[in-house]
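# Structure at a glance
What follows is each chain in one-letter form.
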Amino acid sequence: MIELAAEEPMSPVLPVVPEIVIGLICFGVVYFVFHKKLLPAINKALDERREAIEGGMEKAEAAQAEARQTLESYKEQLAEARHEAARMRQEAQEQGASLIAEMREEGQRQREELIAAGHAQIAADRKQAAELLRQDVGKLAIELAGRLVGESLEDHARQSRTIDRFLDDLEEQAGRSVPSESSEAGR
């Protein structure tokens, strides 16, 4: 029967006991080595990797928060710079307006000085012309008076008195005729 059992073919479904025992021993050795040596190294590497990732995420979040703060700071600085530029622009406009006003005042003052100088020059020219006219009229009046009177009026003092009296009479007559002319012009 033993021979029969040895000759009987083995069933492919039923395993051979020595192979099962050897397989279990090999599995135990591999499991023991894997559990004691490889698994802690793998877990350590995974923990380091997780910490690195979490640290990287924390660093990224910190960098992002810092970037937000920097952005806010730049926005504040930009707003301050815009405000400062607007203030400087306003000051420049005010200074320009005051400079223009000063230049207008200076131009007005210079114009008034020129007008006053012109009036003074005209008055001086008028006075000089009146003096020359007075002298010429006086000479003519003396000549005419000398011809009418028939005597020589060559005495200088007498000439001056005669000329002054004649011109005063002319000025009085002119003064009386001017108001009547201006009152007629007003009508």
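Residues numbered from 1 in each chain as written. Predicted model: local features only at pLDDT ≥ 70, side-chain atom pairs only at ≥ 80, totals over all residues. Heavy atoms only, no water.

## Observations concerning the overall build of the protein
Within the protein one finds three helices and zero strands. Ordered by position from the N terminus, the helices and strands of the protein form the series α-α-α. When the accessible surface of the protein is split by element, carbon and sulfur atoms take 61% of a total near 16,700 Å². (Helix = DSSP H or I, 4+ residues; strand = E, 2+ residues; numbered from the N terminus. Areas by Shrake-Rupley, 256 points an atom, 1.4 Å probe, with all protein chains shown as cover.)

## Observations regarding the environment of Phe166
With respect to the secondary-structure elements, Phe166 resides in helix H3 (residues 156–186). For the pair Phe166 and Gly138, spaced 28 residues apart in the sequence, the C-alpha separation amounts to 7.9 Å. Among residues more than four places away in sequence, those in contact with Phe166 are Val137 and Ala141. (Contact = heavy atoms within 4.5 Å.)

## Some points on a nonpolar patch on the surface
There is a patch of nonpolar side chains on the surface, built from Val17, Val21, Ile25, Val29, Phe32 and Val33 and spanning about 550 Å² of accessible area. Relative to the helices and strands, Val29 resides in helix H2 (residues 17–149). (Patch = residues over 30% accessible without salt bridge, like charges linked within 9 Å, V, L, I, M, F, W, Y side chains within 5 Å. Salt bridge = Lys/Arg side-chain N within 4 Å of Asp/Glu carboxyl O.)

## Brief notes about the pattern of salt bridges
Taken as a whole, this structure holds six salt bridges when the rule is applied. Across the pair Glu84 and Arg87 runs a salt bridge, and its minimum N-O distance is 2.1 Å. In this pair, Glu84 and Arg87 both sit in helix H2, three residues apart, roughly one turn of the helix. Taking relative accessible area as the criterion, Arg87 reaches 34% and is therefore assigned partly exposed. Glu172 is paired through a salt bridge with Arg176; the nearest N and O atoms lie 3.6 Å apart. You can see Glu172 and its partner Arg176 sitting in helix H3, four residues apart, about one turn around the helix. You can call Arg176 exposed: its relative accessible area is 58%. Among the charged side chains, a salt-bridge network with shared partners connects Glu84, Arg87 and Glu91. (Buried < 20%, exposed > 50% of the residue type's maximum accessible area, 1.4 Å probe, protein only.)

## Thoughts on the packing of aromatic side chains
Here the structure, examined in full by the defined rule, presents one aromatic pair. On the basis of an interplanar angle of 25° and a centroid distance of 6.3 Å, the ring pair of Phe27 and Tyr31 is categorised as stacked. Taken together, the residues span about one helical turn, with Phe27 and Tyr31 both in helix H2 at a distance of four residues. Judged by relative accessible area, Tyr31 falls into the partly exposed class, the value being 48%. (Phe/Tyr/Trp six-rings, centres within 6.5 Å; stacked < 30°, edge-to-face > 60°.)

## Overview of the confidence of the model for the protein
Residues at a pLDDT of 70 or more form 84% of the protein, whose mean pLDDT is 82. Within the protein, H2 carries the highest mean pLDDT (89), whereas helix H1 (residues 2–7) carries the lowest (49). (pLDDT = per-residue confidence, 0-100.)

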